[in-house]
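# What the coordinates show
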Amino acid sequence: MKIGHKIKELRILNGLTQSELADRSELTKGFISQVERDLTSPSIATLTDILQALGTSLSEFFQEQEPEQIVFHKTEYFEKIDSEYKNKIEWIIPNAQKNEMEPIRLTLEPGGATVPDNPHEGEEFGYVLSGTITITLGKQKFRAKKGEAFYYIPDKTHYLSSRSGAVVLWVSSPPSF
């Protein structure tokens, strides 16, 4: 098994030169260079020393990981239609509730609104893609139209509504939908 490239990636990720890694693992720069080019294979004990200097373990190093998905297509969006509040929520990043932020695309039908949300910690940001919305924060109301953004701390009961319909890109941290 060739491990050199992965060791080099970890070294660079940790901001170390070959000399610094060699010093930390009590090896020579030349040996580290040979390992990274797969010209030599370290013993298990030496590999353990190198990996310890890189902040990882043998089990983590050899664990196979699926590449993380970065780009999501519309066909992967998760959609929920709420006929009571006349809105449609599209989670544009599937399973985003596990993240610190949860971006969604919100479509409000004429007369539609979001479910009122109780005060909570975090932040909420949005960008109006089309239409006009009313942002209700406690007893205050704010209007935003196409091309305008909004941001607030959700420390009061809050929701969005629209008389004529709107589409909003909405990001909530931590996820609250």
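A few points on the structure. (Residues numbered from 1 in each chain as written. Predicted model: local features only at pLDDT ≥ 70, side-chain atom pairs only at ≥ 80, totals over all residues. Heavy atoms only, no water.)

So, about the nonpolar core. If you look at the biggest cluster of nonpolar residues, it comprises 16 residues, and the most contacted ones within it are Leu106, Ile133, Ile135, Phe150, Leu160, Val168 and Trp170. Secondary-structure elements contributing two or more residues to this core are β2 (87-91), β3 (102-108), β5 (123-137), β7 (149-152) and β9 (166-173). With four residues, β5 is the largest single contributor of residues to this core. In this view, Val168 contacts Ile104, Arg105, Leu106, Gly126, Tyr127, Val128, Leu129, Ile133, Phe150 and Leu160; residues no more than four positions away in its chain are not counted. Within the second largest apolar cluster, 14 residues are counted, among which are Leu10, Ala22, Ile32 and Leu51. (Core = buried A, V, L, I, M, F, W, Y, C linked by side-chain atoms within 4.5 Å. Buried < 20%, exposed > 50% of the residue type's maximum accessible area, 1.4 Å probe, protein only. Helix = DSSP H or I, 4+ residues; strand = E, 2+ residues; numbered from the N terminus. Contact = heavy atoms within 4.5 Å.)

Right, let's talk about the pairing of β3 for a bit. Counting buried residues in β3 gives five out of seven residues, a clear majority hidden from the surface. Sheet topology places β2 next to β3; five bridges connect them, and they run antiparallel. Bridge pairing links Glu90 to Arg105 in β3. In terms of strand pairing, β3 meets β9 through seven bridges, oriented antiparallel. Among the inter-strand pairings, Arg105 is bridged to a residue of β9, identified as Leu169. (Pairing = 2+ DSSP bridges.)

A few words on the side chain of Thr46. You can see Thr46 is positioned in helix α4 (residues 44-53). Non-local contacts of Thr46, meaning those with residues more than four positions away in its chain, are made with Leu27 and Phe31.

Okay, helix α3 (residues 29-36) next. Among all positions in α3, only Ile32, Ser33, Val35 and Glu36 are buried. On an axial view of α3, the arc spanned by its buried residues comes to 160°, and they lie on one face. Where α3 is buried, its residues meet α1 (4-13), α2 (18-24) and α4. Looking at the residues trailing α3, positive phi occurs at Asp38, about 55°. (Arc of directions from axis to C-beta.)

Assignment of secondary structure puts Thr107 in strand β3. If we ignore the near neighbours within four places in the chain, the residues touching Thr107 are Lys86, Asn87, Lys88, Glu90, Ala166 and Val167.

In this structure the tally under the stated criterion is four salt bridges. The closest approach of N and O atoms between Glu90 and Arg105, which form a salt bridge, is 3.1 Å. Here the residue Glu90 occupies a position in strand β2, and Arg105 occupies one in strand β3, the gap between them amounting to 15 residues. When its relative accessible area of 4% is taken as the criterion, Glu90 is described as buried. Looking at Arg105, the relative accessible area reads 28%, which means it is partly exposed. The closest approach of N and O atoms between Lys156 and Asp155, which form a salt bridge, is 3.5 Å. By relative accessible area, which is 39% here, Lys156 ends up partly exposed. (Salt bridge = Lys/Arg side-chain N within 4 Å of Asp/Glu carboxyl O.)

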